[in-house]
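Examining the three-dimensional arrangement
Chain by chain, the residues run as shown.
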Amino acid sequence: MKLDVPPSLFAPLKTIRLQGLRDGSLEEKRKLVAAAQEDGIFYLDFNDDLGELKVSDLIEGIYNFSKSLFALDLEEKMKYDVDKVGELKLNGYKPIRRNIGGIKGQRDGFESYAIPRNGILAFNEFPHPPLLDTQMPLLQNFTLTCIDIAQHIFMALSAELDLPESHSLATFHRADAPAPDIIRLLKYAPSGEGDSEFRVPQTPHTDLGSLTMLFADSPGLQIRPDGCDEWLYIMPKENHALINLGDAMSLWSGGLFRSVLHRVASLPGKGMNERYSFAFLMRPENQAPMVPLNSDCLPEGEDFLTSENWIKAKFGILRGDTSKNKSRILTGRDSAV
Ligand SMILES: O=C(O)CCC(=O)C(=O)O
Ligand SMILES: [Fe+2]
């Protein structure tokens, strides 16, 4: 893709081959650990993936489904208002402009729809538009594929932290147990005809969970690495997902792994194009301990902050509740935010 953006404004990210991780390649694991420590985000190349399901077919299916879902009438979508149908924004629709945007005084510029993993994998029922029923096998296959990819990443990163089997990252993200993961579908609205004002429709944030697997086929995603005062664009690549680490990974690793600050913006000097993206947001299971995991001193018993309470505390802080230890709960670091 040829774009009118100076090369210095592109983020140079590492690329990890999914099949390399599946084959246990030391080189791929080494690159993954370096990406987790240095950038907190990387491309995952699934070009030569030999997994059971073809990732590119799943992605095409989810794009098509997302387009039909957002094409429903606003009234129909609002029946599943994410702030009304469930707890902790795990299920339902967020209309455009509900939250703050990335430019002072402006609202956000996207609609989104959260589909809960627990509903998709039939751990519980959840209110949803009938259109979703027709796509359940696709959503299940996509979810199981993301969980499988995540297990390979967790394995390599647990080894780096020297974690025993009993406290490996994989044990807090079991495929056959409920977890507050979601598929998030996003649709960014285009600027009006002839409007070339720079836009930041998604406000800067870190992701609160463990891993985010993001699929986007048009530009817009930007990161601001720690210590860098510029926003850098990340370009989409065919047959590559973008994986970023969330605050949980930063907290467990005592800050060794990074959770990268990111946002969505238009290209310099341009308005926003219509843009569809979607992500699998993986979070720790509810009872996972949210403390740094140090192989010499592992959390035992029940005397620790659980993921469930940690996530509630984060949502509380974002709503404006007070807390003694705001910064650490928000980002896993003492100094940031
Ligand atoms: O739409 C994108 O490219 C980014 C979405 C994102 O950061 C999020 O949903 O947390
Ligand atoms: Fe994000």
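Rules and cut-offs
- Residues numbered from 1 in each chain as written.
- Chains lettered and ligands numbered in written order.
- Predicted model: local features only at pLDDT ≥ 70, side-chain atom pairs only at ≥ 80, totals over all residues.
- Heavy atoms only, no water.
- Phe/Tyr/Trp six-rings, centres within 6.5 Å; stacked < 30°, edge-to-face > 60°.
- Helix = DSSP H or I, 4+ residues; strand = E, 2+ residues; numbered from the N terminus.
- Buried < 20%, exposed > 50% of the residue type's maximum accessible area, 1.4 Å probe, protein only.
- Lys NZ or Arg CZ within 6 Å of the ring centre and 35° of its normal.
- Donors = N, O, S within 2.8 Å, 3.2 Å for Na, K, Ca; no water.
- Pairing = 2+ DSSP bridges.
- Axes fitted to C-alpha atoms, helices over the stretch in contact; angles between N-to-C directions.
- Contact = heavy atoms within 4.5 Å.
- Parallel < 35°, antiparallel > 145°, perpendicular 65-115°, else oblique.
- Nonpolar A, V, L, I, M, F, W, Y, C, P; charged D, E, K, R; others polar.
- UniProt positions renumbered as here; feature names shortened; annotations may be inferred.
- Core = buried A, V, L, I, M, F, W, Y, C linked by side-chain atoms within 4.5 Å.
- Near = heavy atom within 4 Å.
- Polar contact = N/O pair within 3.5 Å; in protein donor to acceptor, adjacent residues only side chain to side chain.
- Areas by Shrake-Rupley, 256 points an atom, 1.4 Å probe, with all protein chains shown as cover.
- 1 Å grid on protein atoms, 1.4 Å probe; cavity = no way out; pocket = protein on both sides within 12 Å on 5 of 7 lines; lining within 4 Å.
- Sits in = over half its atoms within 2 Å of the grid points.

Naming follows an unreviewed UniProt entry, where the chain appears as Fe2OG dioxygenase domain-containing protein of Aspergillus rambellii.

1. Observations concerning the packing of aromatic side chains
Counted by the stated rule, this structure contains 9 aromatic pairs. Between Y93 and Y113, the aromatic rings sit 6.4 Å apart at their centres with planes inclined by 35 degrees, giving tilted as the arrangement. Linking Y93 in strand β3 (residues 92-94) with Y113 in strand β4 (residues 110-116), this pair joins segments that are 20 residues apart in sequence. For Y93, a relative accessible area of 1% corresponds to the buried category. Grouped by ring-pair contacts, the aromatic residues Y63, F142, F215, F278 and F280 constitute a single cluster. Across the ring face of F110, the terminal group of K94 is positioned such that the distance to the ring centre comes to 4.3 Å.

2. As for the coordination of the iron ion (ligand 2)
For the iron ion (ligand 2), the full set of protein donor atoms is H205 (NE2), D207 (OD) and H262 (NE2), at a range of 2.1 to 2.2 Å. The sequence pattern formed by the donor residues of the iron ion (ligand 2) is H-x1-D-x54-H. Like H205, the residue D207 is buried in the burial classification.

3. Some words on the sheet that holds strand β12 (residues 275-282)
Pairing is mixed in the open sheet, where 8 strands are placed in the order β1-β2-β10-β7-β12-β5-β4-β3. Looking at the sheet topology across the chains shown, the edges are occupied by β1 (15-17) and β3. This sheet shows a mean twist of 25 degrees between the axes of neighbouring strands, independent of strand direction. Where strand β7 (residues 211-216) and strand β10 (residues 240-245) come together, 4 bridges link them in antiparallel fashion. Looking at the pairing, L211 lines up with L245 of β10. Along the sheet face, helix α2 (residues 26-38) touches β1, β2 (41-45) and β10 and points at about 145 degrees away from the line of β1.

4. Quick word on the packing of α2 against helix α8 (residues 136-160)
At a minimum axis separation of 10 Å, α2 and α8 run at an interaxial angle of 75 degrees. By the angle class used here, α2 and α8 are roughly perpendicular. Of the residues in α8, those in contact with K29, L32, V33, A36 and Q37 of α2 are I153, A156, L157 and E160. Residues that form the contact of α2 with α8 fall into these classes: 6 nonpolar, 1 polar and 2 charged.

5. Considering the UniProt feature "domain: Fe2OG dioxygenase" (unreviewed entry) in the chain
The UniProt feature table records "domain: Fe2OG dioxygenase" (unreviewed entry) at residues 178-284. Helix and strand shares over residues 178-284 are 6% and 38% respectively, and the end C-alpha atoms of the span are 10 Å apart.

6. Looking at the nonpolar core
Generally speaking, nonpolar side chains in soluble globular proteins are found buried as a group. The biggest cluster of nonpolar side chains holds 67 residues, and the ones touching the most others in it are I115, L157, L185, L211 and W252. Tallying contributions element by element places α8 first for this core, with 12 residues. Discounting residues that sit within four places of it in the chain, L211 has contacts with A150, I153, F154, I243, N244, L245, M249, F280, L281 and M282. Counting 25 residues, the second largest nonpolar core, distinct from the first, contains L9, Y43, I182 and V260.

7. Description of the site of ligand 1
R184, L186, Y188, Q202, H205, D207, L214, L221, H262, V264, R275 and S277 make up every residue found near ligand 1. Here an oxygen atom of ligand 1 sits 2.7 Å away from a polar atom, N or O, in the side chain of R184. For ligand 1, an oxygen atom lies 2.7 Å from a polar atom in the side chain of Y188. Here ligand 1, which alone exposes 300 Å², has 98% of that area covered by the protein. Spatially, ligand 1 is embedded in the largest cavity. Within the residue set of the shell around ligand 1, elements represented by two or more residues are β5 (182-188), β6 (202-205), β11 (261-264) and β12.

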